[in-house]
Amino acid sequence: MSHRFTDEAGLQIADVVVLGAGIVGVTMALELQRRGHNTLLVDREGPAAGCSFGNGGAIGADACTPFALPGIMRKIPKWYFDPDGPITINPGWALRSVPWILRWISASSMRAARRSALGLRFIQYGCLEGYRDMLGPGLYDDLVREQGSLYVYESATPSRNELVAEEFRRELGISSRIVSADELTEIEPSLSRRFRRATLLPGNGHTVNPKRLVDTLFDKFTAAGGSFHRAEAIGFELADGEVRGLRTRSQSLPLNRLVLCTGVWSREFAAQLGVRLPLVAERGYHVTYTESPIRLNHKVANGSRGFGVTSMETGLQITGTVELADADAPPNWRRAEALSRAAAAMFEEPLVGNRTRWMGARPSLPDSLPVIDRAPRFGNAFFNFGHSHWGLCGAPRSAKLVADLVEGKSVPPEAGAYACGRFG
Ligand SMILES: Cc1cc2nc3c(=O)[nH]c(=O)nc-3n(C[C@H](O)[C@H](O)[C@H](O)COP(=O)(O)OP(=O)(O)OC[C@H]3O[C@@H](n4cnc5c(N)ncnc54)[C@H](O)[C@@H]3O)c2cc1C
């Protein structure tokens, strides 16, 4: 099914151009290439240059809790005044945050949150198997650990958010189990004794290196015959209800079909294709202690403070928190320092030694669900972006759904949850 055409000027026309080489774009390109489409992947830097570089690495279908949950409203005032809190709003962004916050509030009713949980479950379902299939067993075992994830808590009693998350898990048939303080010490001896209980989600896993995961999938794509072009896209050639080309800073690349996978940078491109979306940057940070002797047996999330800790092959990585700000504004390293301080209290041993720091911009929509759809006004353009907190988990299935759309196949009705028109 590989199509190779040339335009009048003799330029080769890609059957499908995938714009953006993060985890979502690379997985998308690999899926299309494996289905026999002559696929060109385009990125201004290279694989994993954006949010996919340094995320927390969690992969699993069991993390289906949306960001906006009932009770969010009373927490919001703190976001404006606590620059070191788990969620903060950059002062330069305070006014612009208002419409976004209002959308978040409306997505936080029990009914809306339940809808989002269902949408997350559907898109994440089978993601570990999806990576195994794409990587093959050897590379999968090298890159992925299926050890489960642990949410640890300092308080003796569950918060309202925890109870809601538990209710969703029960409804969705996700297995989880309560771990006592004593058992926690047994299974994660390096954690501080301050944690009084934990929840174990045994079905989840994690990658030991999110960047290497993307690079490895990228290598699979090129080995299967896929092409990569490094260029910054600036827009499209549009004619007669179709996208005819991708305009980059230096040339126009002719194409038959386009899939937009540019993460948080997709908003402007989608607008050029006639779709306005409330897509914003939920920026997060990581600090990696490259020589830390601490080893965790699970991916651990600090359920009380909104960050996680993962034993990566690059060191002990503390990842998380949310900062609403411009995606491209300079990193606010104060956030990384706050993350380090909060993480230090999690362990019996001090966190010392060399550190690396990173900031990434989650591409987020108010309901925590991605946009997976065909552009309504341009029949040969497709969307696959907005995976917010869970792009690693959602990438394999969203690639399959969008590849079906590209091939003109029907997709299951559940995919309606990701329609680009859902925000009106
Ligand atoms: C702190 C933190 C922790 C996280 N932890 C997890 C986790 O544990 N598990 C999980 O599943 N998810 C996690 N996430 C979320 C996850 O990282 C994202 O959902 C995912 O990386 C989004 O991937 P993407 O491919 O859509 O976007 P990106 O990785 O941002 O890729 C977009 C690509 O588009 C390219 N691009 C942009 N504009 C242009 C242009 N004009 N021309 C050419 N190329 C362009 C960029 O160079 C980039 O390579 C976390 C995120 C953060 C910030």
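Residues numbered from 1 in each chain as written. Predicted model: local features only at pLDDT ≥ 70, side-chain atom pairs only at ≥ 80, totals over all residues.

## Structural notes on the overall build of the protein chain
Thought 1: Of the regular secondary structure elements, the protein chain holds 12 helices and 21 strands.
Thought 2: Here the C-alpha radius of gyration of the protein chain, 21 Å, is about what a compact globule of 424 residues would show, namely 22 Å.
Thought 3: Counting only C-alpha atoms, the protein chain reaches 70 × 45 × 40 Å along its principal axes.
Thought 4: Burial status across the protein chain gives 50% buried among its 424 residues. (Helix = DSSP H or I, 4+ residues; strand = E, 2+ residues; numbered from the N terminus. Rg over C-alpha atoms; globule rule 2.2 N^0.38 Å. Buried ≥ 20, exposed ≤ 12 C-beta atoms within 10 Å, placed from the backbone.)

## Topic: the nonpolar core
Thought 1: Counting residues in hydrophobic clusters, the biggest one holds 91 residues, and the most contacted among them are Val 17, Val 18, Leu 258, Val 259 and Leu 260.
Thought 2: Looking at this core element by element, the count peaks at eight residues for helix 12 (residues 391-406).
Thought 3: When sequence neighbours within four positions are dropped, the list of residues in contact with Leu 260 reads Leu 19, Ser 266, Phe 269, Ala 270, Ala 381, Phe 383, Asn 384 and Phe 385.
Thought 4: Within the second largest apolar cluster, 27 residues are counted, among which are Val 152, Tyr 153, Val 287 and Ala 343. (Core = buried A, V, L, I, M, F, W, Y, C linked by C-beta atoms within 7 Å. Contact = placed C-beta atoms within 7 Å.)

## Description of the environment of Ser 106
Thought 1: Checked against the element boundaries, Ser 106 lands in helix 3 (residues 97-106).
Thought 2: Given 12 C-beta atoms within 10 Å, Ser 106 falls into the exposed group.
Thought 3: Residues Ser 106 and Pro 366 lie 260 residues apart in sequence; the distance between their C-alpha atoms is 8.6 Å.

## Re the packing of helix 5 (residues 127-135) against helix 12
Thought 1: The N-to-C vectors of helix 5 and helix 12 enclose an angle of 70°; their axes lie 8 Å apart at closest approach. The angle between helix 5 and helix 12 falls in the class roughly perpendicular. Where helix 5 crosses over helix 12, the two elements pack in a sense that is left-handed. Counted together, Cys 127, Gly 130, Tyr 131 and Met 134 of helix 5 and Cys 393, Pro 396 and Arg 397 of helix 12 form the full contact between these two elements.
Thought 2: Partitioned by chemical class, the residues of the contact of helix 5 with helix 12 number five nonpolar, one polar and one charged. (Axes fitted to C-alpha atoms, helices over the stretch in contact; angles between N-to-C directions. Parallel < 35°, antiparallel > 145°, perpendicular 65-115°, else oblique. Left-handed = near helix turned anticlockwise from the far one by under 90°. Nonpolar A, V, L, I, M, F, W, Y, C, P; charged D, E, K, R; others polar.)

## Regarding the site of the ligand
Thought 1: The immediate surroundings of the ligand are formed by 39 residues, with Gly 22, Gly 50, Gly 263, Gly 284 and Gly 391 found nearest.
Thought 2: Mapped onto the shell around the ligand, the elements with two or more residues apiece are helix 1 (23-34), strand 3 (39-43), strand 15 (280-289), strand 18 (315-324), strand 19 (355-364) and helix 12.
Thought 3: The class makeup of the residues in the shell around the ligand is 15 nonpolar, 19 polar and five charged. (Near = placed C-beta within 6 Å.)

## As for helix 7 (residues 160-172)
Thought 1: Taking 1.5 Å per residue as the helical rise, helix 7 with its 13 residues ought to reach 18 Å, and the 18 Å between its terminal C-alpha atoms agrees with that figure.
Thought 2: Here the buried face of helix 7 lies against helix 4 (110-124).
Thought 3: Directly after helix 7, the chain includes Gly 173, whose backbone phi takes a positive value near 75°. (Expected span 1.5 Å × (residues − 1).)

## Re the sheet that holds strand 6 (residues 144-145)
Thought 1: A sheet is described by the order of its strands in space; here three strands give the open sequence 4-10-6, paired in antiparallel fashion. With partners counted over all chains shown, the strands left at the sheet margins are strand 4 (58-59) and strand 6, one partner each.
Thought 2: In this sheet, strand 10 (residues 205-207) lies alongside strand 4 in antiparallel orientation, the contact comprising two bridges. Paired with Ala 58 across the strands is His 206, a residue of strand 10. (Pairing = 2+ DSSP bridges.)

## Regarding the pairing of strand 16 (residues 299-302)
Thought 1: Residues Lys 299 and Ala 301 point to one face of strand 16 and Val 300 and Asn 302 to the other, with burial holding for every one of them.
Thought 2: By the bridge criterion, four bridges tie strand 7 (residues 149-153) to strand 16 in an arrangement that is parallel. Bridging across to strand 16, Leu 150 finds its partner in Val 300.
Thought 3: Of the strand pairs in this sheet, strand 16 and strand 17 (residues 307-312) are connected by three bridges, and their pairing is antiparallel. When the bridges of strand 17 are listed, Val 300 appears paired with Val 309.
Thought 4: Linking two consecutive strands that pair antiparallel, namely strand 16 and strand 17, is a turn of four residues; a positive phi of about 70° is found at Gly 306 within it.

## Looking at the environment of Val 18
Thought 1: Following the sequence through the fold, Val 18 ends up in strand 2 (residues 12-19).
Thought 2: A C-alpha to C-alpha distance of 7.2 Å links Val 18 and Thr 39, two positions 21 residues apart in sequence.
Thought 3: Excluding anything up to four places from it in sequence, Val 18 contacts Gly 25, Met 28, Ala 29, Leu 32, Thr 39, Leu 41, Val 259 and Cys 261.

## A few points about the confidence of the model for the protein chain
Thought 1: Mean pLDDT over the protein chain stands at 94; residues scoring 70 or higher make up 97%.
Thought 2: Scored below 50 in pLDDT, residues 1-7 shows 17 contacts in the model against residues more than four places distant or in partner chains. (pLDDT = per-residue confidence, 0-100.)

## Looking at the environment of Arg 132
Thought 1: Position of Arg 132 among the secondary structure elements: in helix 5.
Thought 2: Of the residues examined, Arg 132 has 17 C-beta atoms within 10 Å and is grouped as partly exposed.
Thought 3: Along the sequence, Arg 132 and Pro 86 sit 46 residues apart, while their C-alpha atoms lie 33 Å from each other.

## Observations regarding helix 1
Thought 1: Here helix 1 contains 12 residues, and its C-alpha end-to-end distance of 16 Å stays within 8% of the 16 Å for a straight helix at 1.5 Å per residue.
Thought 2: In terms of burial, helix 1 is a largely internal element, 11 of the 12 residues being buried.
Thought 3: Taken residue by residue, helix 1 has Ile 23, Val 24, Gly 25, Val 26, Thr 27, Met 28, Ala 29, Leu 30, Glu 31, Leu 32 and Gln 33 as its buried positions.
Thought 4: Gly 36 sits one or two residues past helix 1 and shows a positive phi near 100°.

## What to know about unusual backbone geometry
Leave glycine aside and you will find that most residues have negative phi; peptide bonds, for their part, are mostly trans.
Thought 1: We note that Asp 240 has phi near 50°; this positive angle belongs to a residue other than glycine.
Thought 2: Along the polypeptide, Asp 240 turns up in the loop between strand 12 (233-239) and strand 13 (242-248).
Thought 3: Non-glycine residue Ser 388 carries a positive phi angle of around 45°.
Thought 4: Locating Ser 388 in the fold gives a position in the loop between strand 21 (381-385) and helix 12.

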